[in-house]
Amino acid sequence: MGDRTASDAGALLQVARRLADEVLFERALDADAAGVVPHDNLDRLRDAGFYGLWAPREVGGCGFDELERLAIIEALAGGCLTTAFVWAQHGGGSAAAARTPPGSLLHDRWARALATGESRSGVAFAHVLRPEPCLFAERSDDGWSLRGVAPFVTGWGHIDAVLTAAHTADRLVWMLIPATEATTLASRRLRLAAVDSSVTVELHFDGHMVGDDHVVEVIGYDEWLAGYRLGLRTNGALMLGVTSRALALLGPSPLDAELDAARRALHAAEVDDMPECRAQVGYVGIRATSALVSSVGGRAITLGHHGQRLAREALFLLVQGQTAEIRSGHLRRLGATDSNR
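Since the model is a prediction, treat every value here as computed from it, not as a measurement. (Residues numbered from 1 in each chain as written. Predicted model: local features only at pLDDT ≥ 70, side-chain atom pairs only at ≥ 80, totals over all residues. Heavy atoms only, no water.)

With that settled, consider the environment of D212. Residue placement: D212 occurs in the loop between strand 7 (201-211) and strand 8 (215-220). Looking at D212, the relative accessible area reads 35%, which means it is partly exposed. C-alpha of D212 to C-alpha of G143: the two residues are 69 residues apart in sequence and 4.5 Å apart in space. When near neighbours in sequence (up to four residues on either side) are disregarded, D212 contacts R139, D142, G143 and W144. (Helix = DSSP H or I, 4+ residues; strand = E, 2+ residues; numbered from the N terminus. Buried < 20%, exposed > 50% of the residue type's maximum accessible area, 1.4 Å probe, protein only. Contact = heavy atoms within 4.5 Å.)

The structure is reproduced here in structure tokens:
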């Protein structure tokens with residue numbers, strides 16, 4: 001990584017921290033209650049260049065590495081998790097479009113548009129980790145027919161494309177498709193206890209046709225899972241941001257050192273260590289937000305106080321991006337056993 005990239009990453013991190021403190025945090029309670037994330041919040045992220053975080057410079061992105069992204073994600077999550085969570089879903093589609101061959105429909109339509117934030121994307125693959133597949137792709141003459149359900153798709157109404165994974169008999173088909181409802185594609189909004197304004201929906205596919213020119217790749221499940229495990233670090237950055245904000249409101253405590261240690265461990269973790277590091281970040285987050293509520297007292301559970309918002313968001317992040325290994329780590333730290341294993 002050259003000095004210019006490092007300098008750009010440092011400068012953008014400072015922009016992220018200012019935006020989080022001066023704009024996003026000030027609006028976070030309103031965004032939490034509004035039912036939809038404010039368009040202006042997302043536009044500010046676009047105008048500052050944050051939608052390019054996952055794309056290379058050749059298509060208009062930042063060209064940052066994973067650790068440079070983590071610090072920025074943490075900073076923005078500490079301002080307003082609802083905004084940061086909707087924005088963070090963009091990374092999967094943007095990176096996928098940038099990987100497609102130049103001259104292909106996907107590359108020409110989406111790579112630069114997503115890298116610049118001119119267009120925005122979400123993801124539909126939380127279901128892939130479920131024991132029983134629920135979204136299937138069947139081969140047709142010139143593409144794939146999708147049938148089933150994608151149970152958690154965030155940012156509906158704010159996104160133009162959605163990176164979608166569906167099961168075949170022995171592989172996963174990854175597609176970048178327009179986020180547009182049709183007779184064969186319908187949404188049902190989910191009501192969430194936290195980040196509800198993210199507008200997270202359940203997508204229902206009923207013979208929805210996707211052409212081959214919208215397919216990013218067809219890959220074996222085990223091969224995909226190996227890559228997915230490498231990405232578990234990113235979701236941890238969201239909890240780091242919520243925890244950092246809670247501790248800033250709480251004031252100096254021994255939890256500050258625990259958070260620093262958890263952050264260092266997460267950033268340095270090898271893939272096999274990642275679930276334990278994620279579980280430790282989650283554990284610190286739950287304790288930090290609970291400590292904030294307790295320190296403030298009854299006022300902290302009114303809707304006008306950040307304490308209850310941050311505590312709900314920490315609970316949400318316990319299960320967002322969770323794997324069986326991370327869940328076991330959480331339950332062990334919380335003094336429980338994993339009845340699902």
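Here we come to the nonpolar core. Counting 82 residues, the largest nonpolar core has F50, L53, I72, L76, W87 and L176 as the members making the most contacts within it. The leading source of residues in this core is helix 1 (residues 3-34), at 9 residues. Sequence-distant contacts of W87, that is, excluding residues within four places in its chain, are made with L45, F50, Y51, L53, W54, I72, I73 and L76. (Core = buried A, V, L, I, M, F, W, Y, C linked by side-chain atoms within 4.5 Å.)

Moving on to the pattern of salt bridges. If you walk through the whole model with that rule in mind, you get 23 salt bridges. R147 is the partner of D206 in a salt bridge, and the nearest nitrogen-oxygen pair spans 2.6 Å. Linking D206 in strand 7 with R147 in strand 3 (residues 143-153), this pair joins segments that are 59 residues apart in sequence. Here R263 and D260 are joined by a salt bridge, their closest N and O atoms 3.0 Å apart. Placement of the pair is R263 and D260 together in helix 9 (residues 255-268), with a separation of 3 residues, close to one helical turn. Overlapping salt bridges bring together D43, R46, D47 and R120 as one network. (Salt bridge = Lys/Arg side-chain N within 4 Å of Asp/Glu carboxyl O.)

Of the residues in the chain, 97% reach a pLDDT of 70 or more, and the chain-wide mean stands at 94. For the stretch residues 1-6, pLDDT sits under 50, and the model shows 9 contacts to residues farther than four places along the chain or on other chains. (pLDDT = per-residue confidence, 0-100.)

Interaxial distance between helix 3 (residues 66-77) and helix 8 (residues 232-250) falls to 7 Å at its minimum, and their mutual angle equals 35°. Between helix 3 and helix 8 lies a crossing of right-handed hand. In this structure, helix 3 contributes E66, L67, L70, I73, E74 and A77 to the contact, and helix 8 contributes R233, T234, A237, L238, L240, G241, V242 and S244. Residues of the contact of helix 3 with helix 8, tallied by class, amount to 8 nonpolar, 3 polar and 3 charged. (Axes fitted to C-alpha atoms, helices over the stretch in contact; angles between N-to-C directions. Left-handed = near helix turned anticlockwise from the far one by under 90°. Nonpolar A, V, L, I, M, F, W, Y, C, P; charged D, E, K, R; others polar.)

Attention now goes to the layout of surface pockets. A volume near 310 Å³ is recorded for the second largest pocket. Contributing to the lining of the second largest pocket are 15 residues, with R17, A71, E74, A75 and S244 lying nearest its centre. Across the lining of the second largest pocket, the residue classes tally to 6 nonpolar, 4 polar and 5 charged. (1 Å grid on protein atoms, 1.4 Å probe; cavity = no way out; pocket = protein on both sides within 12 Å on 5 of 7 lines; lining within 4 Å. Points joined across faces, edges and corners; volume = space filled by probe spheres on them.)

What follows deals with helix 11 (residues 306-319). Between its first and last C-alpha atoms helix 11 spans 21 Å; for 14 residues at 1.5 Å apiece the expected length is 20 Å, and the two agree. Taking burial as the measure, the 14 residues of helix 11 include 11 buried ones, the bulk of the element. Taken as a whole, helix 11 has its buried residues at H306, G307, Q308, R309, L310, A311, E313, A314, F316, L317 and L318. Following helix 11 by one or two positions, G321 adopts a phi angle in the positive range, close to 70°. (Expected span 1.5 Å × (residues − 1).)

A word on empty space enclosed by the protein. Inspection of every chain in the model, using the stated rule, returns 2 cavities of 30 Å³ or more. Empty space within the largest cavity amounts to approximately 50 Å³. Taken together, the elements giving at least two residues each to the lining of the largest cavity come down to helix 8 and helix 10 (274-296). The class makeup of the residues in the lining of the largest cavity is 3 nonpolar, 5 polar and 1 charged. Empty space within the second largest cavity amounts to approximately 30 Å³. Considering the residues around the second largest cavity, the lining is formed by L42, Y51, V86, W87, R120, S121, H158 and I159. Its residues assigned to classes, the lining of the second largest cavity shows 5 nonpolar, 2 polar and 1 charged.

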